[in-house]
Amino acid sequence: MSAAETRTDVPAISAEDITVTIAGRQILAGVGLTLNDGELVALIGPNGAGKSTLLAALTGDQDVSGGSILLRGRPLEQWRLRERARTRAVLLQDNAVFFPFPVRDVVEMGRAPWQRTGRETEDDAVVDEAMRVTEITHLASRRVPSLSGGERARTAFARILAQETGVLLLDEPTAALDLKHQEDVLGLAADRARAGDAVIVVLHDLNLAAAYADRILLMDAGRVVAEGAPSSVLTPERIEQVYHQAVDILPHPDDGTPVIVPRRGRPAHHAERPGTHTASPDAIPTPNESEKRP
Amino acid sequence: MSHGADTVTPVPERGTRTRAGIVTAVLVVALAAMILVSAGTGQLHIPPGEVFGSVMHRIGLDIGPVPAHANGESALWNIRFPRVAMAVVIGAALAVAGLLMQAIFGNPLAEPGVVGVSSGAALGAAATIVFGWGFLGEWTIALVAFASGLAATLVVYVMSRSGGRTEIVTLVLTGIAVNAFTGAGLALMTFLGDQQAREQIVFWQLGSLNGSRWEQLGVIVPPIVAALVVAVVLARRLDLLSLGEKSARHLGVNVELLRIVVIVVTALLVGCAVAFAGTIAFVGLVVPHLLRMLIGPAHRPLAVTSVLGGALLLVTADLIARTAVPMADLPIGMLTSLVGGPFFFWLLRRARRTSGGWA
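The structure presented is a predicted model; accordingly, all values stated were derived computationally and were not measured. (Residues numbered from 1 in each chain as written. Chains lettered and ligands numbered in written order. Predicted model: local features only at pLDDT ≥ 70, side-chain atom pairs only at ≥ 80, totals over all residues. Heavy atoms only, no water.)

### Some thoughts on the pattern of salt bridges
Residue and element names in this part refer to chain A.
1) Next: One pass over the full model with this rule turns up 23 salt bridges over all chains.
2) Next: Among the ionic pairs, Asp184 bridges to Lys180, the shortest N-O distance being 2.5 Å. With Asp184 and Lys180 both in helix α7 (residues 179-194), this residue pair falls four residues apart, about one helical turn.
3) Next: Exposure remark for Asp184: the relative accessible area of 14% places this residue in the buried category.
4) Next: Exposure remark for Lys180: the relative accessible area of 43% places this residue in the partly exposed category.
5) Next: The residue Arg194 makes a salt bridge to Asp191 at a minimum N-O spacing of 3.5 Å. One end of the pair, Arg194, and the other, Asp191, are both in helix α7, three residues apart, so they sit about a helical turn from each other.
6) Next: Looking at Arg194, the relative accessible area reads 66%, which means it is exposed.
7) Next: A residue is classified by how much of its surface remains accessible, and Asp191, at 40% relative accessible area, is partly exposed.
8) Next: Linked by salt bridges that have partners in common, Arg104, Glu108, Asp124 and Asp128 make up one network. (Salt bridge = Lys/Arg side-chain N within 4 Å of Asp/Glu carboxyl O. Helix = DSSP H or I, 4+ residues; strand = E, 2+ residues; numbered from the N terminus. Buried < 20%, exposed > 50% of the residue type's maximum accessible area, 1.4 Å probe, protein only.)

### Some remarks on the UniProt feature "domain: ABC transporter" (unreviewed entry) in chain A
1) Next: UniProt's entry tags residues 13-246 of chain A with the feature "domain: ABC transporter" (unreviewed entry), counted in the numbering of this structure.
2) Next: Split by type, residues 13-246 of chain A is 35% helix and 26% strand. Its first and last C-alpha atoms lie 34 Å apart. (UniProt positions renumbered as here; feature names shortened; annotations may be inferred.)

### A look at α7(A)
Residue and element names in this part refer to chain A.
1) Next: Between the first and last C-alpha of α7 there are 22 Å, a value that for 16 residues agrees with the 22 Å anticipated at 1.5 Å per step.
2) Next: Buried residues dominate α7, accounting for 12 of its 16 residues.
3) Next: Turning to α7, its buried residues number three or more, namely His181, Gln182, Glu183, Asp184, Val185, Leu186, Gly187, Leu188, Ala189, Ala190, Arg192 and Ala193. (Expected span 1.5 Å × (residues − 1).)

### As for the sheet that holds strand β8 (residues 198-202) of chain A
Residues and elements named next belong to chain A.
1) Next: The six strands lie next to each other as β6-β7-β8-β3-β9-β10, forming an open sheet whose pairing is mixed. Single-partner strands in this sheet number two, and they are β6 (88-91) and β10 (223-228). If you compare each strand with its neighbour and ignore which way they point, the axes differ by 15 degrees on average.
2) Next: Relative to β10, strand β9 (residues 215-220) runs antiparallel, the two sharing five bridges. From the neighbouring strand, Leu217 faces β10, where its bridge partner is Glu227.
3) Next: Across the face of the sheet, helix α6 (residues 149-162) comes into contact with β6 and β7 (167-171) while running at roughly 175 degrees to β6. (Pairing = 2+ DSSP bridges. Axes fitted to C-alpha atoms, helices over the stretch in contact; angles between N-to-C directions. Contact = heavy atoms within 4.5 Å.)

### Description of the pairing of β9(A)
All names here are of chain A.
1) Next: The element β9 is largely enclosed, with a buried count of five among its six residues.
2) Next: Alignment of strand β3 (residues 40-44) against β9, held across four bridges, turns out to be parallel. Directly across from Ile44, in β9, lies its bridge partner Leu218.
3) Next: In sequence, β9 turns back onto β10 through a hairpin of two residues, with Ala221 there showing a positive phi of about 50 degrees.

### Some thoughts on the pairing of strand β11 (residues 247-251) of chain A
All names here are of chain A.
1) Next: The element β11 is largely enclosed, with a buried count of four among its five residues.
2) Next: Examined bridge by bridge, β11 and strand β12 (residues 258-262) share five bridges and lie antiparallel to one another. Bridging from a neighbouring strand, Pro251 pairs with Pro258 of β12.
3) Next: Taking the residues between adjacent antiparallel strands as the criterion, β11 and β12 are bridged by six residues, where Gly256 takes a positive phi near 80 degrees.

### Focus on the interface of chain A and chain B
Accessible area lost upon the coming together of the parts serves often as the stated size of an interface.
1) Next: The interface of chain A with chain B comprises 33 residues on the first partner and 35 residues on the second.
2) Next: With both chains or domains summed, chain A and chain B bury close to 3,000 Å², and 63% of this area falls on carbon and sulfur atoms.
3) Next: At the surface where chain A touches chain B, the tally comes to zero salt bridges.
4) Next: At the boundary of chain A with chain B, the tally comes to four residue pairs in polar contact (both at pLDDT 80 or more).
5) Next: Residue assignment for the side of chain A that touches chain B shows that the elements contributing at least two residues are α3 (81-87), β6, α4 (103-109) and α5 (123-133) of chain A.
6) Next: It is α4(A) that contributes the most residues to the side of chain A that touches chain B, five residues altogether.
7) Next: Residue composition of the side of chain A that touches chain B, grouped by class: 16 nonpolar, six polar and 11 charged. (Buried area = accessible area lost by both parts, 1.4 Å probe. Polar contact = N/O pair within 3.5 Å; in protein donor to acceptor, adjacent residues only side chain to side chain. Nonpolar A, V, L, I, M, F, W, Y, C, P; charged D, E, K, R; others polar.)

### A few points about the sheet that holds strand β1 (residues 13-22) of chain A
All names here are of chain A.
1) Next: The sheet built from four strands is open, its strands ordered β2-β1-β4-β5 with antiparallel pairing. Each edge of the open sheet is held by one strand with a lone partner, namely β2 (25-35) and β5 (74-75).
2) Next: Strands in contact with helix α2 (residues 51-59) are β1, β2 and β4 (66-71); relative to β1, the strand with the most contacts, it is inclined by about 120 degrees.

### Some words on the side chain of B:His250
1) Next: Note on placement: B:His250 falls in helix α9 (residues 245-250).
2) Next: Look at B:His250 and you get buried, because its relative accessible area is 3%.
3) Next: With near-sequence residues (within four places) excluded, B:His250 lies in contact with A:Thr59, A:Asp61, A:Ala85, A:Arg88, A:Val90, A:Leu92 and A:Gln163.

Rendered as structure tokens:
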């Protein structure tokens, strides 16, 4: 895999003291972050906390007013674009395609950075595999505008996988997806991390973050307010403080993964009878399904 | 891509590619036939076989019959061929200019005529006539048309884009504004010019290939060929641009540089096309659109087939312009607008229906 070639002692991404000010308003106030090979880091936080701005700063899409961002130890702006595209892939929230390209063509676009290199010969196999794991093989000849939101999101994700980089930056990859495909996409991202890649994901769903992240960065008002393993970051007090929403956090009976359930006009249970909460018809999807996957 | 026998889903891919090959072959044959027919048609009729023979003998091959009529050879080489060649070159230039504009605007309705680039270039050409500029000889008019076309392209581009693409309503409104301004400029030139300049400006606005000369081709062919080559080379990067500017950059495309190069190339194509033939609208809209429906949106095959399709369309339109009304030479720009206008309207209606609004 790509990770084996690019792996070094240098962190995939290290950012220090990033400040972003847009129209006089400070969106990020001195954020630091290190992303190492082999880990999946989730960026979480309420709307407007600065998650997407932080990710945009890390990708280079957002100019920073202060701080430094290193990709593999080298300042972002010193990278040649082509070289950078072979090192890290970025999945944006907006995955519209302006012209009616067939799905396979879009996935093949992920191979563009490897054009005229030795790895060009692998193009077909890599694209096939990316389409297989994202379950869009049957859509190969469909035109992108005719796809559903979820199919389009998976096409974009397949394109990122086909790029074969050791570093992945994903901005809300699960936003348009149903329960199964949310699990699939994060499962694939976690697989990549286990294979040695460095993955950072912006997520809204706390349960997904709890289930898949090795490390969570909780952001609020342009700062990182907590960082660490899911079980240490996700405490009821902290979540209520940041999200202004009371929650119960229950350990999953199988493996103790934290399950976050908003408290909906009921007194606190503090995890004594987890079964009673899942009965709520509009409960936040729990990662139960994924725990049983191989 | 050709060794796809053992891969899972090579079928759609190969289907599109085969179709592009077939379309290319059909266009080549149709264009060659149309050139022979068009060159032979006129007051002095020369059968296609003799036209072919004349070309073959010119390049030193003893194939086919030479024109039987005494003046046939001269009519072909002094009047008909320069005109047909002009139609080929300008048709190709306009079709590819349309394709390039659509790629950087992220909008299939962008076209040099619609957004005012053609009339911008025409304004420069008209000013050259009225003020009698000749600082660069035969090249002056092409150069000034290129410069004012470039200015118009930049204005439209800067004013109408947001978030990496252009909404239809913004594009059309910007086109109205630019066309209003250049229209006023052309009116001013008409007012300032003498009788002869006025006639020339009117001729410009209507668009015509009448009176094309080899010397004019000598001026516009080199830059147009260079621009077409650049367009084909940039094609794959233009594909990536359809993912949006940010995603294209994350795939290694230098988007800023690409944009500048494409804008200059577009202005060059339009400037050269307008310089000696005036404004011929909608070629850049109709040709890429029909081809996209046939072979899909990938820019490399589209660029190649647009060259052929644009040439075929304009050679055909010119033949109709010369022969539809006996003893009259209709303005070709009027003809293309006559067909292209309703086509544009149909596209607008369709775009409105599919996107649920004017977005």
